[in-house]
Amino acid sequence: MHETELHDLSDDADYAASQLQGSLSMQRSDSAKSSSSAEPEGAELVYWKDNVTIHPSQFASERISGRLKLIKQGASLLLTWIPYKGQNSIARLSEKDMNLYTIRGISFSDVRSIRRHTPAFGWQYIIVLMSSGLAYPPLYFYSGGVKEFLATVKQHVFIVRSADDANVFLVNDFQNPLQKTLSSLELPRAVVANGLSVSTSISDPHPAENQPIDDGSVSGEVASLSLYNGRPRPKVHDPARDLSIQVLEKFSLVTRFARETTSQLLRESLNNGYGANERRDHSPHHHDYSYKPSIDPEKAPEEVPVVPDPLEFDKLSMVWGKPRQPPLGSEEWATFLDSEGRVIDSKALKKRIFYGGVEHRLRREVWALLLGYHSFDSTYAERDYLRSMKKSEYETIKHQWQSISAEQAKRFTKFRERKGLIDKDVVRTDRSLSFYEGDDNPKVNLLRDILLTYSFYNFDLGYCQGMSDLLSPILYVMEDESESFWCFVALMERLGPNFNRDQNGMHSQLFALSKLVELLDRPLHNYFKQNDCLNYFFCFRWLLIQFKREFEYEKVMSLWEVFWTHHLSEHLHLYVCVALLKRYRRKIMGEQMDFDTLLKFINELSGLIDLNTIVRDAEALCICAGENGAACIPPGTPPSLPIESSLLYPQQDDVL
């Protein structure tokens, strides 16, 4: 990271413009009256601020600037943010696309809290969290003004500083006992509306919702946060290790209490108006996607008529989804290489791997190419040289943490925290696999060493739960510490945003998924909308660790090979999500699953999905969606590589 580049605003056009207008653009009384023509009749503009900015991707150079307003209308205080026309820095965004980020008329009666962030370096920003759990994108104040904004809000609504976090201001906080109960949970960062990044306090109780927008305005429909807390049944992978599911299940206890105690905080799930329908028969074979509910059959929900799939899904797959081929073998692999080891046609190779995968004995060589550790035009000699150089570099980085003495560690909180978390995770990662089973297994120690070394290589990101899941298959294939590390580094260049503190990578993927479902299956999208499921949190695990818990180990490796080819799309994993949801749409809609039931149902699919069929379905959907599908995915959405890595935001650590 280049700190000077990240925080030097001298060449920033928006910042320069804001400086010309002074450090504060508050207007009251006469100024408000002069602008009243743009406001609704009977409304008073009590505050406005120019050059308040959002960032629709992880790149600091990509921004949309606009005007933030506070409008007094009767007894209500409203907040709006409208982007400037023709002044965004992202050529790829049309005016219509920019309207997706517009915030129109938020009433403070529906606001739960405002989080203020004032870093020592960089820009101040605020995050508005709604009572429903919806968190809007961070609003960056390039030239200050957060204090004045909060002072204006305080003049018109009741706000108090949270006892748990001095940077969180609670709005209309009349439920103190409930608030304290919710704040006691340590929850991950909220997901924001429009799929943008947000870094909320862990004391904020509500995971936020992803909100697709049709008309450029922010919809008032939000997700119910009542979550399933049932007993998980054993799976191919132990779901108890999934951090997000643990958090969701823990959160369910409080949300159920909250729903019973105060209905205005969390909305009841809506029932749709479908009538009774005949249940579709399911084959007992796992490849037929059968789902055996764990509840008593006598209490099973009655199915209702389901709106037909507009794409006639099975026919779609037959037309576009090509059958899978045998995996790439040694003899065929040799035909893709010239005499010095260069790949002759990387596009043809990727296409071949997309449709068949790779035999396991070739994976060590091929994965290094797919992940970008070696370039496709490198020779055997160049690859050998790179291995030697990178091994030396790896040892240097590893020595940094190995040389920390016990006395140093006592004064290095972040190191102790990360090491402790890694130590706990690696002993629970794929231990049923013979490669990692047994006490004092040296492979488990290698997992720990690589993850610790990565936390020093990328200190801003560090280590987060789930990373061990991504590293495990790589070490299993590469069987070399240094090569496993560098392949993992290459993978994290693409998936690292999944683990950012603000979870910007997850936000953009969940947003893209919601838009793809809306594009490819509008009735299913409408069903999720009616039942407050548009946050798509039930797909969180799929996206976070790339379906690692949903398939057997060998099938996971085959699926990842397909993803890494980027044939057809860099974001095929999103189409896999859509394909899965469409495959089960009859059951989801017919049994009127609410969020609780849907989360349980999705988790229990682990080990029951036929890989070849779902990849074929995803391919068909990707081809069918075409450019419209690509337009649903915001720029920079993982696993897209960053265009300018020097412009990535640093991770803001509270303590070191």
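Here the structure is a predicted model, which is why all the values come from computation and not from measurement.

### Regarding the overall build of the chain
Then, in step 1: For the chain, the helix and strand inventory stands at 25 helices and nine strands.
Then, in step 2: Here the analysis covers contacts within the chain between residues at least 6 apart in sequence; of these, 72% occur between residues at least 24 apart.
Then, in step 3: If you sum the accessible surface of the chain, you get close to 27700 Å²; carbon and sulfur atoms cover 50% of it.

### Brief notes about the nonpolar core
Then, in step 1: Counting residues in each nonpolar core, the largest one holds 117 residues, and the members touching the most others are Phe-528, Tyr-536, Phe-538 and Leu-581.
Then, in step 2: Each residue touching Phe-538, except ones within four places of it in the same chain, is listed here: Phe-528, Cys-533, Leu-581, Phe-595, Leu-598, Leu-599 and Ile-602.
Then, in step 3: Judged by nonpolar contacts, the second largest core, of 33 residues, contains Val-46, Leu-70, Trp-81 and Leu-134.

### A word on helix H10 (residues 346-356)
Then, in step 1: Within H10, burial applies to Leu-349, Arg-352, Ile-353, Phe-354, Tyr-355 and Gly-356.
Then, in step 2: Elements in contact with the buried residues of H10: helix H9 (330-335), helix H11 (360-370), helix H21 (553-565), helix H22 (572-583) and helix H25 (611-631).
Then, in step 3: Looking at where H10 begins, the residue whose side-chain oxygen comes 3.2 Å from the main-chain nitrogen of Lys-347 is Asp-345.

### Things to note about the sheet that holds strand S9 (residues 168-171)
Then, in step 1: Taken together, nine strands build an open sheet; the order of strands is S4-S3-S2-S1-S7-S6-S5-S9-S8 and the sheet is antiparallel. At either margin of the open sheet sits one strand with a lone partner, and together these are strand S4 (103-107) and strand S8 (159-161). In this sheet, neighbouring strand axes are inclined to one another by 30° on average, regardless of whether the strands run parallel or antiparallel.
Then, in step 2: Looking at chain direction, strand S3 (residues 76-83) and S4 are connected through three bridges and run antiparallel. Bridged to Leu-79 within S4 is Ile-106.

### Structural notes on the environment of Met-589
Then, in step 1: Tracing the backbone shows Met-589 in helix H23 (residues 585-590).
Then, in step 2: For the pair formed by Met-589 and Leu-524, sequence separation is 65 residues and the distance between their alpha carbons is 7.6 Å.

### Re the environment of Asp-439
Then, in step 1: With respect to the helices and strands, the residue Asp-439 is situated in the loop between helix H14 (413-426) and helix H15 (442-457).
Then, in step 2: Between the C-alpha atoms of Asp-439 and Val-427, which are twelve residues apart in sequence, the distance is 9.2 Å.

### Examining the pattern of salt bridges
Then, in step 1: Using the criterion set out here, one finds 32 salt bridges in the structure.
Then, in step 2: With its nearest N and O atoms 2.8 Å apart, the salt bridge here joins Glu-483 to Arg-364. Note that Glu-483 is positioned in helix H17 (residues 481-495) and Arg-364 in helix H11, a separation of 119 residues in sequence.
Then, in step 3: Exposure remark for Glu-483: the relative accessible area of 7% places this residue in the buried category.
Then, in step 4: The partly exposed category is assigned to Arg-364, whose relative accessible area is 35%.
Then, in step 5: Put simply, Arg-428 and Asp-425 hold a salt bridge, and the shortest N to O gap is 3.1 Å.

### Things to note about the packing of H22 against H25
Helices that pack against each other are described as a pair by the angle of their axes relative to one another and the distance between those axes.
Then, in step 1: One way to put it is that H22 packs onto H25 with a least axis distance of 8 Å and a crossing angle of 115°. Accordingly, the angle class assigned to the pair H22 and H25 is roughly perpendicular. Here H22 and H25 pass one another in a crossing that is right-handed. On H25, the residues that touch Leu-572, Tyr-575, Val-576, Val-578, Ala-579, Leu-580, Lys-582 and Arg-583 of H22 are Thr-613, Ile-614, Asp-617, Ala-618, Glu-619, Leu-621, Cys-622, Ala-625, Gly-629 and Ala-630.

### Notes on the packing of aromatic side chains
Then, in step 1: Scanning the model with the defined rule gives 29 aromatic pairs in all.
Then, in step 2: Judged by centre distance (5.6 Å) and plane angle (90°), the ring pair of Tyr-457 and Trp-486 falls under edge-to-face. Pair noted here: Tyr-457 is in helix H15 and Trp-486 is in helix H17, with a separation of 29 residues, a long-range link.
Then, in step 3: Ring centres of Phe-547 and Phe-563 lie 6.2 Å apart, and the angle between their planes is 45°; this geometry places the pair in the tilted category. In this pair, Phe-547 sits in the loop between helix H20 (540-544) and H21 while Phe-563 sits in helix H21, placing the two residues 16 residues apart along the sequence.
Then, in step 4: Judged by relative accessible area, which is 1%, Phe-547 ranks as buried.

### Observations regarding the side chain of Gln-509
Then, in step 1: Note that Gln-509 resides in helix H18 (residues 504-520).
Then, in step 2: Sequence-distant contacts of Gln-509, defined by excluding residues within four places in its chain, comprise Asn-498, Leu-543, His-573, Leu-574, Thr-637 and Pro-638.

### As for unusual backbone geometry
Then, in step 1: Here the amide bond leading from Pro-638 into Pro-639 is cis, since omega sits at 10°, within 30 degrees of zero.
Then, in step 2: With respect to the helices and strands, Pro-639 occurs in the segment after H25.
Then, in step 3: Phi angles above zero are rare outside glycine, and Glu-479 is one such case at about 55°.
Then, in step 4: Position of Glu-479 relative to the elements: it lies in the loop between helix H16 (467-478) and H17.
Then, in step 5: On the basis of relative accessibility, which here comes to 56%, the residue Glu-479 falls in the exposed class.
Then, in step 6: The phi torsion at Gln-546 lies on the positive side, around 55°, for a residue other than glycine.
Then, in step 7: What makes Gln-546 buried here is its relative accessible area of 6%.

The rules we used
- Residue indices follow the written sequence of each chain, beginning from 1 at its first position.
- Restriction of local features to residues with pLDDT of at least 70 applies here, the model being predicted, together with a cutoff of 80 or more for giving and counting side-chain atom pairs; totals for whole chains, interfaces and linings are based on all residues.
- The side-chain quantities take in all heavy atoms of the structure and omit both hydrogens and water.
- A run of DSSP states H or I qualifies as a helix once it reaches four residues; a run of E qualifies as a strand once it reaches two. Both are numbered from the N-terminal end.
- By the convention used here, residues are in contact when the closest approach between their heavy atoms is within 4.5 Å.
- Computed by Shrake-Rupley with a 1.4 Å probe, the accessible areas treat only the displayed protein chains as cover when residues are assessed.
- Side-chain atoms within 4.5 Å are what join buried Ala, Val, Leu, Ile, Met, Phe, Trp, Tyr and Cys residues into a set we call a nonpolar core.
- Type-normalised accessible area, obtained with a 1.4 Å probe on protein chains alone, sets the label of each residue: buried when under 20%, exposed when over 50%, and partly exposed for intermediate values.
- Here a polar contact is taken to be a pair of N or O atoms separated by no more than 3.5 Å, where protein atoms must pair a possible hydrogen donor with a possible acceptor and residues adjacent in sequence count only if both atoms sit in side chains.
- A pair of strands is considered paired only if DSSP assigns at least 2 bridges between the two.
- Lines are fitted to the C-alpha atoms to define the axes, a helix being fitted only along its stretch in contact, and any angle between axes, read from their N-to-C directions, falls within 0 to 180 degrees.
- When a carboxyl oxygen of Asp or Glu is within 4 Å of a side-chain nitrogen of Lys or Arg, the pair counts as a salt bridge.
- Orientation is classified from the angle alone, with under 35 degrees giving roughly parallel, over 145 giving roughly antiparallel, 65 to 115 giving roughly perpendicular, and any other angle giving oblique.
- If you view the pair so one helix is near and one far, a crossing is left-handed when the near helix is turned anticlockwise from the far one by less than a right angle, and right-handed when it is turned clockwise.
- Pairing of aromatic side chains requires ring centres within 6.5 Å, counting the rings of Phe and Tyr and the six-membered ring of Trp. Pairs whose planes differ by under 30 degrees are stacked, by over 60 edge-to-face, and all others tilted.

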